Amino acid sequence: MASLVRHVTIDCADPYELARFWALVLDGTLGEDDRPGDPEAVVESAGASLLFIRVPEGRSVKNRLHLDLQPQDRGRDEEVARVVALGATVLADRRTPDGKGWVTLGDPEGNEFCVERSRAERAATDGA
């Protein structure tokens, strides 16, 4: 049997606060023993397990890996508005007039992620 991904690990300055943000975004839960000031924190969600680990150095270049989110119960534009209200920042808007495209955002520590179209939006515009 092949290996399975247990966590996607994200280096950060404040694991607990960043994990709280991502728990809200992913409708996930923080580890029951995670507390403010801890050196690591975990978020469990239906789609992924994210592990946040404190590192002393800040992010200095573009992420080499990022998460692509697909909204499950709302459209892309509604999801973008929701995550911005939670503390994300729009970095690049790649939406197109025909309804396709995505939005690149930064989480509260600047880690990039994208919000793509929902499955229903994909089906409506390109049958995918």
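As a starting point, this report considers the structure included with it. (Residues numbered from 1 in each chain as written. Predicted model: local features only at pLDDT ≥ 70, side-chain atom pairs only at ≥ 80, totals over all residues. Heavy atoms only, no water.)

## Concerning the sheet that holds strand β8 (residues 112-115)
Consideration 1: One open sheet accounts for four strands, arranged β5-β8-β7-β6; its pairing is mixed. Whereas interior strands pair on both sides, the edge strands pair on one side only; in this sheet they are β5 (67-69) and β6 (89-93). Neighbour-to-neighbour, the strand axes of the sheet open up by a mean angle of 30 degrees, direction not taken into account.
Consideration 2: Pairing between β5 and β8: three bridges, direction parallel. (Pairing = 2+ DSSP bridges. Helix = DSSP H or I, 4+ residues; strand = E, 2+ residues; numbered from the N terminus. Axes fitted to C-alpha atoms, helices over the stretch in contact; angles between N-to-C directions.)

## Here's the deal with unusual backbone geometry
Working note: non-glycine residues mostly have negative phi, and peptide bonds are mostly trans.
Consideration 1: Backbone geometry at Asp-27 places phi at a positive 55 degrees, although glycine is not the residue there.
Consideration 2: Inspection of the secondary structure puts Asp-27 in the loop between α1 (15-26) and β2 (29-30).
Consideration 3: Relative accessible area serves as the criterion here: at 72%, Asp-27 is assigned to the exposed category. (Buried < 20%, exposed > 50% of the residue type's maximum accessible area, 1.4 Å probe, protein only.)

## Remarks on the packing of α1 against helix α2 (residues 76-86)
Consideration 1: At a closest axis distance of 10 Å, the pairing of α1 and α2 adopts a crossing angle of 155 degrees. Taken together, α1 and α2 sit at an angle that is classed as roughly antiparallel. For the pair α1 and α2, the crossing hand works out as right-handed. Along the contact surface, α1 presents Phe-21, Leu-24 and Val-25, while α2 presents Glu-79, Arg-82, Val-83 and Leu-86.
Consideration 2: Its residues assigned to classes, the contact of α1 with α2 comprises five nonpolar, no polar and two charged. (Parallel < 35°, antiparallel > 145°, perpendicular 65-115°, else oblique. Left-handed = near helix turned anticlockwise from the far one by under 90°. Contact = heavy atoms within 4.5 Å. Nonpolar A, V, L, I, M, F, W, Y, C, P; charged D, E, K, R; others polar.)

## Regarding the environment of Leu-26
Consideration 1: With respect to the helices and strands, Leu-26 occurs in helix α1.
Consideration 2: Each C-alpha atom of the pair Leu-26 and Ala-124 lies 24 Å from the other, and the pair is 98 residues apart in sequence.
Consideration 3: Not counting residues up to four positions away in its chain, the partners in contact with Leu-26 are Ser-45, Leu-50 and Leu-69.

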